[in-house]
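Listed here are the chains, written in short residue letters.
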Amino acid sequence: MRDRFPFLPENAEAAKKGLIKHLARSGGSCPIGDLHTFSTQRYGAGHQAFSALMEWLVADGVLMYDGSTFHLTDKGLELSKGMLF
């Protein structure tokens, strides 16, 4: 994973779970600016780390990006069902 996404933060797995939960609580979608703010404040993952996280989650099929908003995919929704909120 780090070979493909070298700027992932050390807490990438925790950030992944937190971002999935945040998106699920937000109805499954969130504008990039709002998600960036959440990621930076909650996980210290801003700028390159945020970009790496989002690229990883899109490549993993958890999120879809439409140019302005991130959306949970069916896979992302399934993952969120097994998480405590």
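Up top you'll find the structure we're talking about.
Residues numbered from 1 in each chain as written. Predicted model: local features only at pLDDT ≥ 70, side-chain atom pairs only at ≥ 80, totals over all residues. Heavy atoms only, no water.

Visitor: What exactly am I supposed to notice about helix α2 (residues 32-43) here?
Guide: Since the α-helix packs 3.6 residues into each turn, any two residues three or four apart lie on the same face. With 12 residues, α2 should reach 16 Å at 1.5 Å per residue; the first-to-last C-alpha distance of 16 Å fits that figure. Among the residues of α2, those classed as buried are Leu35, Phe38, Ser39 and Tyr43. Within α2, the buried residues cover an arc of 100 degrees as seen down the axis, which keeps them to one side. Check the buried side of α2 and you find it contacts α1 (12-25), β1 (29-31), α3 (48-59) and β3 (69-72). After α2 finishes, the residue Gly44 shows a positive phi value of roughly 65 degrees. (Helix = DSSP H or I, 4+ residues; strand = E, 2+ residues; numbered from the N terminus. Expected span 1.5 Å × (residues − 1). Buried < 20%, exposed > 50% of the residue type's maximum accessible area, 1.4 Å probe, protein only. Arc of directions from axis to C-beta. Contact = heavy atoms within 4.5 Å.)

Visitor: Would you take a moment to explain the sheet that holds β1 for this structure?
Guide: Across a sheet, paired strands are connected by hydrogen bonds in the backbone, their directions being either parallel or antiparallel. The antiparallel open sheet is built from three strands, whose spatial order is β1-β3-β2. Looking at strand neighbours, the two that pair on one side only are β1 and β2 (63-65), the edges of this open sheet. Here the strands of the sheet are splayed against their neighbours by 20 degrees on average, with no regard to which way each runs. With three bridges joining them, β2 and β3 adopt antiparallel strand pairing. Residue Leu63 lies in a different strand from β3, and its bridge partner there is Leu72. (Pairing = 2+ DSSP bridges. Axes fitted to C-alpha atoms, helices over the stretch in contact; angles between N-to-C directions.)

Visitor: Sorry, what's going on with the pairing of β3 here?
Guide: Along any regular strand the residues' side chains alternate between the sheet's two faces. Neither face of β3 is open: one carries Thr69 and His71, the other Phe70 and Leu72, and all of them are buried. Bridge analysis of β1 against β3 gives three bridges, and the strand direction is antiparallel. For Cys30, the partnering residue across the bridge sits in β3 and is Phe70. Counted along the chain from β2 to the antiparallel partner β3, the turn is three residues long, and its residue Gly67 has a positive phi close to 105 degrees.

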